[in-house]
Amino acid sequence: QLTFRQEPIFNARFAPDGKTVVYSAAPSGNTPEIFSLRPDYPGASPRGLRGVHLLSVSSRGELAVLTRAHYLGHSLFVGTLARMPIEGGAPREILAGAREADWSPDGADLAVIRDVNGKDRLEFPAGKILCESGGYLSNPRFSPKGDRIAFFEHPIKYDDRGLVAVVDL
């Protein structure tokens, strides 16, 4: 156990060093905030960015986050996709209306899930549709080689039941 605070933790990822853990949690209510933990330093360090939700950490040490994150339910948020250095700094916004994202293994680009006109889309790179659903898509993850993306496909909007799907790039 790394943290003993009583708060919902929505997402957690290892940093490229394999030791540091970056996560988003809501110390109060459903407004996420980003924290980091190092094994050599007791306690979580807040990043001071309320309303920012962690999506993914790249192999290059860059975070994919949602700014102005709005809680939808379960562990789902919607907001503006942004990039920011793991060491800190301001998020650089790149795409409004995003819900989830994952870095390609080389850390160069992002696969994105977003709702467009009532349909969920998995895009890679952003704008190129790989899959579309009338329900919703979640949890995109690249294969280690970067040639496939696995994700959950849920037939009913915001019902967490569903199946695992894979798209070959």
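Calculation criteria
- Residue indices follow the written sequence of each chain, beginning from 1 at its first position.
- Restriction of local features to residues with pLDDT of at least 70 applies here, the model being predicted, together with a cutoff of 80 or more for giving and counting side-chain atom pairs; totals for whole chains, interfaces and linings are based on all residues.
- To get the side-chain values, all heavy atoms of the structure are used, and hydrogens and water are removed first.
- Under the DSSP-based scheme used, a helix requires at least four consecutive residues in state H or I and a strand at least two consecutive residues in state E, with every element numbered from the N terminus.
- Throughout, a residue-residue contact means that at least one pair of heavy atoms, one from each residue, lies within 4.5 Å.
- Accessible surface area values rest on a Shrake-Rupley calculation with a 1.4 Å probe, where residue burial reflects the displayed protein chains alone.
- Charged-residue counts in this description rest on Lys and Arg as positive and Asp and Glu as negative, His and the chain ends being excluded.
- Think of each charge as sitting on NZ of Lys, CZ of Arg, CG of Asp or CD of Glu.
- The way it works is a 1 Å grid over only the protein atoms, where trapped points that fit a 1.4 Å probe form a cavity and open points with protein on both sides within 12 Å along at least five of seven lines form a pocket, and then any residue with an atom within 4 Å of a point lines it.
- Grid points are joined across faces, edges and corners, and a volume is the space filled by probe spheres set on the points.
- Residue polarity follows a fixed list, in which Ala, Val, Leu, Ile, Met, Phe, Trp, Tyr, Cys and Pro are nonpolar, Asp, Glu, Lys and Arg are charged, and the others, Gly among them, are polar.
- A pair of strands is treated as paired once DSSP finds two or more bridges between them.
- Pairing of aromatic rings covers Phe, Tyr and Trp, the last counted by its six-membered ring, and requires centre-to-centre distances within 6.5 Å; plane angles under 30 degrees mean stacked, over 60 mean edge-to-face, and any other angle means tilted.
- Exposed residues in this analysis have more than 50% of their type's maximum accessible area, buried residues have under 20%, and partly exposed residues fall in between, with area computed by a 1.4 Å probe over protein chains only.

Thoughts on the overall build of the protein
Right, so step 1: In terms of helices and strands, the protein carries zero helices and 14 strands.
Right, so step 2: Overall size of the protein, expressed as C-alpha extent along the three principal axes, is 45 × 35 × 30 Å.
Right, so step 3: For the protein, restricting intrachain contacts to residue pairs at least 6 apart in sequence, the fraction spanning at least 24 positions comes to 30%.
Right, so step 4: Carbon and sulfur atoms provide 52% of the accessible area of the protein, an area that totals close to 8,600 Å².
Right, so step 5: Separation of charge centres in the protein, based on 20 positive and 20 negative side chains, amounts to 1 Å.

Notes on the layout of surface pockets
Right, so step 1: One number sums up the size of the largest pocket: a volume of about 240 Å³.
Right, so step 2: Looking at the largest pocket, it is lined by 18 residues, and the ones nearest its centre are Ser75, Leu76, Glu100, Ser138 and Asn139.
Right, so step 3: Elements with a contribution of two residues or more to the lining of the largest pocket: strand 1 (9-14), strand 5 (53-57), strand 7 (76-85), strand 8 (92-103) and strand 12 (136-142).
Right, so step 4: Element by element, the count of residues in the lining of the largest pocket is highest for strand 12, at four residues.
Right, so step 5: Tallied by class, the residues present in the lining of the largest pocket amount to six nonpolar, seven polar and five charged.

Thoughts on the pairing of strand 11 (residues 129-133)
Right, so step 1: Summarising the sheet, strand 10 (residues 119-123) and strand 11 pair through four bridges and their orientation is antiparallel. Following the sheet pairing, Arg121 is matched in strand 11 by Glu132.
Right, so step 2: Hairpin connection from strand 10 to strand 11: five residues lie between these consecutive antiparallel strands, with Gly127 at a positive phi of about 105 degrees.

Some thoughts on the packing of aromatic side chains
Right, so step 1: Per the counting criterion, the structure on display carries six aromatic pairs.
Right, so step 2: Taking the centre distance of 5.4 Å and the plane angle of 20 degrees together, the rings of Tyr23 and Phe35 count as stacked. Here Tyr23 is found in strand 2 (residues 21-25), whereas its partner Phe35 is found in strand 3 (residues 33-38), with twelve residues between them in sequence. Just as Tyr23 is buried, Phe35 falls in that class too.
Right, so step 3: Seen in terms of ring centroids, Tyr136 and Tyr158 are 5.3 Å apart; in terms of plane orientation they differ by 40 degrees. Their pairing is tilted. Highlighted residues: Tyr136 in strand 12 and Tyr158 in the loop between strand 13 (148-154) and strand 14 (163-168), separated in sequence by 22 residues.
Right, so step 4: Given the relative accessible area of 33%, Tyr158 is considered partly exposed.
Right, so step 5: In textbook terms, an aromatic cluster arises when at least three aromatic residues are bridged by ring pairs, as seen for Phe10, Tyr71 and Phe77.

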